[in-house]
Amino acid sequence: MVIAEKPSVARDIARALGRPVQREGYIQVGEYTVTWALGHLFEIDDSIAPKKWSLEDLPIFPEEFRYKSVKLKQLSVVRKLLEKAEVVVNCGDAGREGELIVREILREIGYKGKVLRLWTSEALTPQVVRKEFTRLRPSQEFDSLYYSALARQHSDWLVGINLTRLVTLRAGGREVWSVGRVQTPTLRLVVERDEAVESFVPQKYFVVRGRFGWSGGIYEGLLMREGIAKLNEEEATEVASKLSKVREGKVISVELREQVSKPPLLHSLTSLQREANVVYGLSAKRTLDAAQALYETYKVISYPRTDARHLGESNVQLVKDVLTRLGKEELISKVSRVGKRVFDSTKLTDHHAIIPLDRPPANLKEVERKVYDLVYRKFVGAFMDDHIYHSITVITSLGGENFLSEGKRDVQMGWMSLYREPEDNTGNLPRTEVQVENLEVEAEEKETEPPPRYSESTLLKEMERLSLGTPSTRAAIIETLLDRGYMKRERRTLVSTPKGRELVAKLRDSKVSSPEMTGEWERELERIYLARLGKDGYNQFMAKIKEFVKEELDRLKQARFEVKREEIKCRCGGKVQFFGRGWKCDSCGSLVWSSVAGKRLTEKQIMQLFSGEEVRVRGLTSRKGTKFSATLYLEGTVKFKDFG
């Protein structure tokens with residue numbers, strides 16, 4: 001029996017092993033039964049923590065972690081298949097989370113038979129699958145990887161549940177103040193950037209600009225003194241006044257250089273989200289949702305949740321086939337010449353870069369079309385000619401001072417033709433050393449500028465640099481911070497709210513808000529695997545985490561988290577009061593509990609409900625324990641519709 005992490009991987013494996021026959025929830029291929037998880041089929045059961053939130057119950061350190069099943073239909077299929085399995089091949093993704101997803105299933109169902117592991121960093125082409133099935137490894141070789149993953153999962157739960165409950169209760173319990181190993185350092189980045197912007201005091205400076213004429217026309221230059229000169233007002237005025245009296249200057253240097261720009265790397269999920277945000281203003285979540293639809297529904301791009309920007313060396317034929325399907329046969333001859341800029345298996349962990357697989361259908365939504373086009377451009381451009389342009393640097397001497405003028409002219413567009421039209425801003429710059437007429441010299445006032453606020457693009461880049469989250473989770477982290485009211489969108493920027501600033505202010509001295517802490521924990525988790533520390537490594541790491549949690553609880557138990565709040569009004573005109581477990585209108589009696597279907601609502605969501613708005617909420621839990629989404633609205637009490 002083969003267990004893959006997701007249906008697409010299961011299909012790839014089944015096709016490589018023989019003639020697949022599709023069944024309900026699995027694929028039969030001769031003696032192989034190939035099935036799949038849908039991400040995690042089990043999650044930690046939060047009922048191991050007290051239902052009532054109370055400071056007296058902290059810290060919460062359960063004697064054992066119990067799990068509850070999710071995605072019950074697929075789990076039922078896997079459970080029945082495991083009853084007959086003599087050998088299981090774990091084909092989870094080659095990484096910590098992939099190991100955990102399959103191990104959870106085997107542990108919770110109680111499978112005791114033989115387990116083998118498929119482990120490769122190459123993309124799962126048929127040749128790679130068949131090769132790796134001849135050298136499957138004993139599952140025990142990856143026990144330390146499993147314990148590393150388990151330590152990550154359990155430590156995140158302990159930190160999150162203890163510090164979230166503490167901060168929420170110390171803030172009055174009106175709404176959730178979530179704290180997390182990744183989301184809180186991410187919030188701190190945004191808060192500290194906002195503080196830098198708001199505390200920034202612009203400094204006035206001056207540059208000196210000259211206008212020169214010659215037989216080829218008029219051009220401009222800036223005064224140079226070890227770079228572009230930044231002068232005070234008195235200096236700039238004095239220089240401009242002195243040079244204005246000089247009638248002629250001379251071009252003393254003309255440097256013409258040919259610059260070659262290679263095609264950019266293929267897209268990872270993070271680079272795709274960043275470009276979509278810059279070009280189209282799309283949020284990371286909208287980009288991920290569109291990419292997922294292009295992959296799962298339309299099957300026109302490859303697996304999108306990847307941090308790779310390369311393809312495997314075994315993917316050469318795949319690329320040629322895709323270029324043919326895209327009508328780009330003229331590029332096939334270039335495939336063998338691109339080398340490791342495109343094909344480098346050493347840069348892969350589990351999945352290769354995102355590439356198109358076929359032409360898009362005509363019925364794509366606008367957002368899906370935009371995301372597809374970004375993937376298409378990066379892929380096709382990778383096999384096009386280099387972009388070549390000429391840069392020209394002109395130095396003009398006037399009265400003992402030098403002025404710098406620069407320009408660029410496209411010579412060969414190559415891959416850049418996918419992004420813009422040819423440009424030439426060399427204008428009237430001289431190409432040889434000539435005498436020039438001094439037409440004007442003036443001092444021009446400028447100001448230093450503050451650092452830019454974070455956009456989703458720049459925040460994603462910084463999260464990637466600091467190893468905050470994974471490609472699959474970064475969009476959700478940003479959305480959580482928005483949903484919790486810690487930050488908000490202002491056009492294309494992300495701005496922290498008073499609530500977000502208050503949290504960071506009180507946690508600034510805590511490791512839980514430090515990006516360096518996340519990196520430190522990641523290194524310790526990685527060491528459990530690399531040093532083969534196994535269960536002992538897990539126990540040692542968890543002991544440190546429990547000590548950390550206790551220290552933070554002691555440090556913060558007297559802290560107050562306070563934000564000036566807007567008064568909530570009901571659409572009937574009545575005043576809405578918080579009474580400990582929920583919110584009630586003192587006029588019409590409309591009631592909203594703080595928690596709805598296992599999900600604690602934010603104050604923003606509560607305000608929207610009382611104002612008569614409908615609110616879309618994810619992460620609700622049914623009485624059977626199944627996760628779902630729904631639209632909430634208020635008619636006396638909270639009602640549900642549009643389930644999903």
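Cut-offs and rules
Residues numbered from 1 in each chain as written. Predicted model: local features only at pLDDT ≥ 70, side-chain atom pairs only at ≥ 80, totals over all residues. Heavy atoms only, no water. Axes fitted to C-alpha atoms, helices over the stretch in contact; angles between N-to-C directions. Helix = DSSP H or I, 4+ residues; strand = E, 2+ residues; numbered from the N terminus. Parallel < 35°, antiparallel > 145°, perpendicular 65-115°, else oblique. Left-handed = near helix turned anticlockwise from the far one by under 90°. Contact = heavy atoms within 4.5 Å. Buried < 20%, exposed > 50% of the residue type's maximum accessible area, 1.4 Å probe, protein only. Pairing = 2+ DSSP bridges. Expected span 1.5 Å × (residues − 1). Salt bridge = Lys/Arg side-chain N within 4 Å of Asp/Glu carboxyl O. Patch = residues over 30% accessible without salt bridge, like charges linked within 9 Å, V, L, I, M, F, W, Y side chains within 5 Å. Areas by Shrake-Rupley, 256 points an atom, 1.4 Å probe, with all protein chains shown as cover. Lys, Arg positive; Asp, Glu negative; His and termini not counted. Charge placed at Lys NZ, Arg CZ, Asp CG, Glu CD. Arc of directions from axis to C-beta. Nonpolar A, V, L, I, M, F, W, Y, C, P; charged D, E, K, R; others polar. Phe/Tyr/Trp six-rings, centres within 6.5 Å; stacked < 30°, edge-to-face > 60°. Lys NZ or Arg CZ within 6 Å of the ring centre and 35° of its normal.

Draft legend 1. The arrangement of the packing of helix H2 (residues 72–84) against helix H3 (residues 96–109) in detail. At their nearest, the axes of H2 and H3 sit 11 Å apart, and the two run at 65 degrees to each other. Taken together, the axes of H2 and H3 are roughly perpendicular relative to one another. Every pair of crossing elements has a handedness; the one defined by H2 and H3 is right-handed. Residue-level contacts link Leu75, Val78, Arg79 and Leu82 of H2 to Ile105, Leu106 and Ile109 of H3.

Draft legend 2. Representation of the environment of Gly589. Note on placement: Gly589 falls in the loop between strand S19 (582–585) and strand S20 (591–593). By relative accessible area, Gly589 is classed as partly exposed at 29%. Gly589 sits 224 residues away from Lys365 along the chain, and the two C-alpha atoms are 43 Å apart. If sequence neighbours within four positions are ignored, Gly589 has contacts with Lys584 and Gly636.

Draft legend 3. The pairing of strand S17 (residues 493–496), seen in detail. Two elements, strand S16 (residues 487–490) and S17, share four bridges in a ladder whose sense is antiparallel. Following the sheet pairing, Arg489 is matched in S17 by Leu494. Hairpin connection between S16 and S17: a loop of two residues separates the two successive antiparallel strands, and Arg491 in this loop has a positive phi of roughly 55 degrees.

Draft legend 4. How the structure looks around helix H6 (residues 183–199). Between the first and last C-alpha of H6 there are 24 Å, a value that for 17 residues agrees with the 24 Å anticipated at 1.5 Å per step. Looking only at H6, the buried set comprises Gln183, Thr184, Pro185, Thr186, Leu187, Arg188, Leu189, Val190, Val191, Asp194 and Val197. Looking at the packing, one finds that the buried side of H6 touches helix H12 (456–465), helix H13 (474–483), S16, S17, helix H14 (498–507) and helix H15 (515–530).

Draft legend 5. Region of interest: the sheet that holds strand S4 (residues 32–36). Taken together, the seven strands give an open sheet; going across it, the order is S2-S3-S4-S1-S7-S8-S9, and neighbouring strands pair in mixed fashion. Edge strands, defined here as strands with exactly one partner in the open sheet, are strand S2 (21–22) and strand S9 (137–138). Pairing of strand S3 (residues 26–29) with S4 involves four bridges; the strand directions are antiparallel. Pairing of Gln28 across the sheet is with Thr33, part of S4.

Draft legend 6. Main features of the pattern of salt bridges. For the coordinates displayed, the defined rule picks out 55 salt bridges. Between Glu444 and Lys446 there is a salt bridge whose closest N-O contact spans 3.3 Å. Residue classification places Lys446 among the partly exposed residues on the basis of a relative accessible area of 31%. Among the charged side chains, a network of salt bridges with common partners joins Arg96, Glu97, Arg152, Asp156, Arg181 and Glu522.

Draft legend 7. Geometry of the sheet that holds strand S25 (residues 637–641). Pairing is antiparallel in the open sheet, where three strands are placed in the order S23-S24-S25. Since the sheet does not close on itself, it has two edges, and those belong to strand S23 (615–621) and S25, each with one partner. Sheet twist, expressed as the average angle between the axes of neighbouring strands with direction ignored, equals 50 degrees. With five bridges joining them, S23 and strand S24 (residues 627–635) adopt antiparallel strand pairing. The residue of S24 that forms the bridge with Arg616 is Thr631.

Draft legend 8. A negative patch on the surface, seen in detail. On the surface, a cluster of negative charge is contributed by Glu233, Glu234, Glu235, Glu238, Glu445, Glu447 and Glu449. When contributions to the negative patch are tallied by element, the ones reaching two or more residues are helix H7 (233–244) and strand S15 (435–447). It is H7 that provides the largest number of residues to the negative patch, a total of four residues. Structurally, the position occupied by Glu445 is in strand S15.

Draft legend 9. Molecular detail of H2. Along its 13 residues, H2 runs 19 Å from first to last C-alpha, staying within 8% of the 18 Å computed at 1.5 Å per residue. Those residues of H2 lying buried are Gln74, Leu75, Val77, Val78, Leu81 and Leu82. Buried residues of H2, seen end-on, are gathered within an arc of 155 degrees and therefore sit on one face of the element. Opposite the buried face of H2, at more than 90 degrees from it, the exposed residues are Lys73, Lys80, Glu83 and Lys84.

Draft legend 10. The arrangement of the packing of H6 against H12 in detail. Closest axis-to-axis distance for the H6/H12 pair is 11 Å, and the angle between their directions is 130 degrees. The orientation of H6 relative to H12 falls into the category oblique. In this structure, H6 crosses over H12, and the sense of that crossing is right-handed. Residue-level inspection shows Thr186, Leu189 and Val190 of H6 in contact with H12, the latter providing Leu459, Glu462 and Met463. Residues belonging to the contact of H6 with H12 are distributed by class as follows: four nonpolar, one polar and one charged.

Draft legend 11. Structural view of the packing of aromatic side chains. The tally for this structure, following the rule as stated, stands at 21 aromatic pairs. Residues Phe212 and Phe403 carry aromatic rings whose centres are separated by 5.5 Å and whose planes lie at 75 degrees to one another, so their mutual orientation is edge-to-face. Of this pair, Phe212 sits in strand S10 (residues 204–214) while Phe403 sits in strand S14 (residues 401–412); the two residues are 191 residues apart in sequence, bridging distant segments of the chain. As far as burial versus exposure is concerned, Phe212 and Phe403 are alike and both buried. Between Phe379 and Phe383, the ring centres sit 5.4 Å apart and the planes meet at 75 degrees, which makes this aromatic pair edge-to-face. Neither Phe379 nor Phe383 differs from the other in exposure class; each is buried. Every member of this aromatic cluster is reached through a ring pair, and the members are Tyr146, Tyr147 and Tyr538. Sitting above the plane of the Tyr67 ring, Arg107 keeps its charged end 4.3 Å from the centroid. Its end group placed over the ring of Tyr454, Arg193 keeps NZ or CZ at 4.3 Å from the ring centre.

Draft legend 12. Here's a closer look at the side chain of Thr287. Within the element layout of this structure, Thr287 appears in helix H9 (residues 284–296). The exposure class of Thr287 is buried, given its relative accessible area of 0%. Those residues within four positions of Thr287 in sequence are excluded, and the remaining contacts are Leu272, Gln273, Ala276, Leu282 and Val371.

Draft legend 13. Seen up close, unusual backbone geometry. Leu58 connects to Pro59 through a cis peptide bond whose omega is 0 degrees. Looking at the element boundaries, Pro59 is found in the loop between strand S5 (42–44) and strand S6 (67–69). The phi dihedral of Glu226 falls on the positive side, at around 55 degrees, and the residue is not glycine. Within the secondary structure layout, Glu226 lies in the loop between strand S11 (217–224) and H7. For Arg532, which is not glycine, the phi dihedral falls at a positive 55 degrees. Topologically, Arg532 is positioned in the loop between H15 and helix H16 (534–556). By relative accessible area, which is 47% here, Arg532 ends up partly exposed.

These figures capture arrangement, not role.
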